[in-house]
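# An overview of the molecular structure
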Amino acid sequence: MTTRATRATRGPRRRTVVALAVILAVLCAFVVRLIDIQVVSASEHVKDSLQVGQLGSTHALTGNRGSIVDANGTVLASSMTVYDAQLSPNLIMLLENDKDGPPETPWDEAADKIAAITGQDADELRAGVAANLKDNPDSKYYQLKNGLSTDKYLELRDLGLVYLSMKPRETRVYPNGAVAGNIVGYLDSEREAQAGIEQMQESCLAPTDGERTYLRGKGGEIIPGSERVVDALDGGSVQLTINSDLNWYMQQMLAEQAQKQGARAATAVVVEVKTGKIRAAAEWPSMDPNDLNASNPDDWGTRVFGLSYEPGSTFKAITAAAVLDTGAVNMNTTVSAAGHEKFPNGAVINDAFVHGAYNYTLAGALIDSSNVAVSKFGTMIDSQTRYEYLQRFGVGEKTIDFPREANGVLHPAEGWDSQSLYTTTFGQHFTVTAPQIAGAYQAIANGGEKIDLSLVESCTLDDGTVVKPEAPEHKQIISESTADQVSRILENVAVQGGLADQVSIPGYRVAIKTGTAQKPKDDGSGYKAGKYYTSMVGFAPAEDPEYVVIVTLDEPTRIASSTATAPAFQQAMTQVLKTYRVPPSTAPMDELLPKFN
Amino acid sequence: MSRATASALLPEPVSPAERPSRPSRRLSPVTAPARNRRPKLAYALIALGGAALIGTAQIGLSLMITHDSFVLSGLNSQQRELDLQTSAIEEELAGISSPQLLAVKASELGMVVAGSASYLRLSDSAILGTNAGASGESTIDPTGKGTVHNALLNAKAQSAAENERSADDTSKSVDPDLPPPITEGLPSPTTR
């Protein structure tokens, strides 16, 4: 027996199916649309919401520029926030003229209070705002004062004035002023580093910006839980090898000595012999990065690294090292040298003092600083070898790649003419900077091992990691015995030379070499008469040298020779030995070397 | 089929008396609609209570979350305030630790930067160095011509001078009951 769906039962069932089908269709439409909105064009909609709907907001978070510290952690440069205050005159007037709710502090009284804090004149302030309103009745901006300290900012903020707004601005402060100012450098008004370590270590000091994004409600409130912050990273902190107290002393001493000697400028560099670290780099006139306008724009750069000059007699020691190292000359070799000689190739060489023909030893040539004698010693080796030795001692090569550092000029040996064949033995026809001379003497003092100079100790990043620069190169450029012999000669220069009394430091054995270099004329035709670039370089204690000091004076007028630098050198070296507690010399000096034979 | 045949095919009717007693059936046809029984109160209460609890819990948790953000913003503003005060104090100190000011203050006290130092070697009490005391002369003069510039100190000196000028207005009367100030050190006997 079968049951047949009668028309009566078929009807309701079909209605159900049709109804369900319709519902399913509508549901499908919804699902498709939903997928389209949420998945397919999701990013577009989000972008729309952020831009058009102003739902989301992004702020850049700026980090602070890193600080520069010296070898002991004394801060030489750091970032500071100052505030620029401005008034809204429109708002002042609106509040003043509001009859329903007069302001708590009327404008006159408020102006008095504001002026008392900022140090301005209250009447001028009121007049200024009134003039501003007269020009533009809707004026919303009147500059009150820029560069307010945080102290003043807090005081002004506590006044609770609605129309006073203060914008923070990051500036740089240099707590020690001009101490190592030329080394630290400065930023220009765009906060771009223009010189010195600020420029050299920009990659370490520059901060990394962060970001803060959040969703906003209709009234501008931040929707809780929607804030995402990427923290800004402050710049790293650069530690220098400079000792700022020693640098201050050098600057103070140079300023006094240079003015006493009537010089145009002066520099002093102190290098630690065993490590090649620059412990002080001072110059006068110096620059205070806090107040650039207080100094001459010529002084904003770096004389220490940027000025190259013909070194003169200080390089006689390098010639001596070269001839001793090659074995062409030993301590007993003598040459006959008079005060004025004409050489076979036509060159004419003069000594600084008139004398007859003496039989100088190498030591005597350096003690008397005889150009003729050193020319004869120097030409006992060929010029190419001397050129290579000059290169090995660092002539023509930058020391630390400081901004605006000078390479110095070293002409190739083939280009040396008959005069410069001899003058290159006593420091003419090539130029060096003071640090290059200090580096050359560091090699002599360090048993012949030259260590590249370094100024930057490390860079400490925001998260604490310490990044050290590449280790400086060590190179044995002359043998240890050569270095010992040259050191002994230089100690004899200090003891037997004409400046023995002025450079002696009680308790210590010192080795020095003076240099009185002629300054070339600006047009290149010979040298200026009577104007010298004097220098004195030395190291102490002579038996185990610890520090090399070079002091230079630019055109001293009171005494126009390297005698002018003697007191400055003596004071500089004394202070260095005191600062680093170098024990006095206990071993007596070896017997004096003979000047003549 | 004939009626007789049909009836013959039918099972024999059983008289009610002969019919064996059947067990009483539970199922019986519905004759009237069932009486409405009241639903159990407990179940309803539990269901509603559970729903209400869930709702309350959700509201409570979201309140706690948002409450934290208020506490956080309160602490943030406290920290900002303290940071500002720290910066203000640090700025006041800027420049004070510089060697220039130290040297000026020291020279005002009469201290000098002397020459080479002497050292005492403890192992054999030997004196290394010059073994001469410091002379009264300083190798440098921090207040003289060669002063190393520091704009921060100049600014402080300026504001100090301003404060002094305003403070000068207050009277500087000396209390007559106090003993006179000592200017040349305490008197002491000279010993040999």
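Here the structure is a predicted model, which is why all the values come from computation and not from measurement. (Residues numbered from 1 in each chain as written. Chains lettered and ligands numbered in written order. Predicted model: local features only at pLDDT ≥ 70, side-chain atom pairs only at ≥ 80, totals over all residues.)

## A look at unusual backbone geometry
Omega for the peptide link from Trp284(A) to Pro285(A) comes to 0 degrees, which places this bond in the cis form. Looking at the secondary structure, you find Pro285(A) in the loop between β10 (278-284) and α11 (303-306). The linkage connecting Ala540(A) with the following residue, Pro541(A), adopts the cis geometry, with an omega of -15 degrees. Note that Pro541(A) resides in the loop between β22 (527-540) and β23 (547-554). Phi at His429(A) is positive, roughly 70 degrees, even though this residue is not glycine. Inspection of the secondary structure puts His429(A) in the loop between α16 (418-423) and β16 (432-433). A positive phi angle, near 50 degrees, is found at Ser125(B), a position not held by glycine. (Helix = DSSP H or I, 4+ residues; strand = E, 2+ residues; numbered from the N terminus.)

## Quick word on helix α20 (residues 566-579) of chain A
Every α-helix winds through 3.6 residues per turn, so residues three or four apart in the chain are directed the same way. All names here are of chain A. If you check α20, its first and last C-alpha atoms are 20 Å apart, about what 14 residues at 1.5 Å a residue would give, namely 20 Å. Counting buried residues along α20, 12 of its 14 residues qualify, which places the element largely inside the surrounding structure. Listed in full, the buried residues belonging to α20 are Ala566, Pro567, Ala568, Phe569, Gln570, Gln571, Ala572, Met573, Thr574, Gln575, Val576 and Leu577. Summarising the contacts, the buried residues of α20 are in contact with α10 (244-261), β9 (265-272), α19 (500-503), β21 (511-520), β22 and β23. Downstream of α20 by a residue or two, Arg581 has a phi angle that is positive, lying close to 50 degrees. (Expected span 1.5 Å × (residues − 1). Buried ≥ 20, exposed ≤ 12 C-beta atoms within 10 Å, placed from the backbone. Contact = placed C-beta atoms within 7 Å.)

## Quick notes on the pairing of strand β3 (residues 75-87) of chain A
Residues and elements named next belong to chain A. Summarising the sheet, strand β2 (residues 68-69) and β3 pair through two bridges and their orientation is antiparallel. Note that in β3 the partner of Ile68 across the bridge is Ala77. Connecting the antiparallel pair β2 and β3 is a turn made up of five residues, with Gly73 showing a positive phi of about 95 degrees. Summarising the sheet, β3 and strand β5 (residues 164-173) pair through 10 bridges and their orientation is antiparallel. Within β5, the residue paired with Asp84 across the bridge is Lys167. The sheet contact formed by β3 and strand β4 (residues 142-148) spans four bridges and is antiparallel. Each bridged residue has a counterpart across the sheet, and for Tyr83 the counterpart in β4 is Leu148. (Pairing = 2+ DSSP bridges.)

## Digging into the interface of chain B and chain A
Contacts between chain B and chain A engage 34 residues on the former and 38 residues on the latter. Elements represented by at least two residues in the side of chain B that touches chain A include exactly α2 (41-93), α3 (99-108) and α4 (151-167) of chain B. At seven residues, α2(B) tops the list of elements feeding residues into the side of chain B that touches chain A. Of the residues assigned to the side of chain B that touches chain A, the class counts are 13 nonpolar, 17 polar and four charged. (Nonpolar A, V, L, I, M, F, W, Y, C, P; charged D, E, K, R; others polar.)

## Quick notes on the nonpolar core
All names here are of chain A. Among the nonpolar cores identified, the biggest contains 126 residues, and Ala268, Val269, Val548 and Val549 are the most heavily contacted of them. In this structure, Val549 is in contact with Ala268, Val270, Gly538, Phe569, Ala572, Met573 and Val576, ignoring residues within four places of it in sequence. Within the second largest apolar cluster, 19 residues are counted, among which are Tyr83, Leu125, Leu148 and Tyr163. (Core = buried A, V, L, I, M, F, W, Y, C linked by C-beta atoms within 7 Å.)

## Regarding the pairing of strand β18 (residues 456-460) of chain A
The side chains of a regular strand alternate between the sheet's two faces. All names here are of chain A. Where strand β8 (residues 237-240) and β18 come together, four bridges link them in antiparallel fashion. In the strand pairing of β18, Val238 is matched with Cys459. Taken together, the two bridges between β18 and strand β19 (residues 466-467) define a ladder with antiparallel strand orientation. When the sheet's bridge partners are listed, Thr460 is paired in β19 with Val466. Between β18 and the antiparallel strand that follows it, β19, lie five residues; Gly464 among them carries a positive phi value of about 100 degrees.

## Section: the sheet that holds β23(A)
Residues and elements named next belong to chain A. The strand order across the open sheet formed by five strands is β10-β9-β23-β22-β21, and the pairing between neighbours is antiparallel. Each of the sheet's edge strands pairs with one partner strand only, and the pair in question is β10 and β21. Averaged over all neighbouring strand pairs, the angle between strand axes comes to 10 degrees, with direction disregarded. Note: β21 against β22, nine bridges, orientation antiparallel. Within β22, the residue paired with Lys513 across the bridge is Val537. Sheet contacts for α10: β9, β10 and β23; angle to β10, the most-contacted strand, approximately 35 degrees. Sheet contacts for α20: β9, β21, β22 and β23; angle to β23, the most-contacted strand, approximately 150 degrees. (Axes fitted to C-alpha atoms, helices over the stretch in contact; angles between N-to-C directions.)

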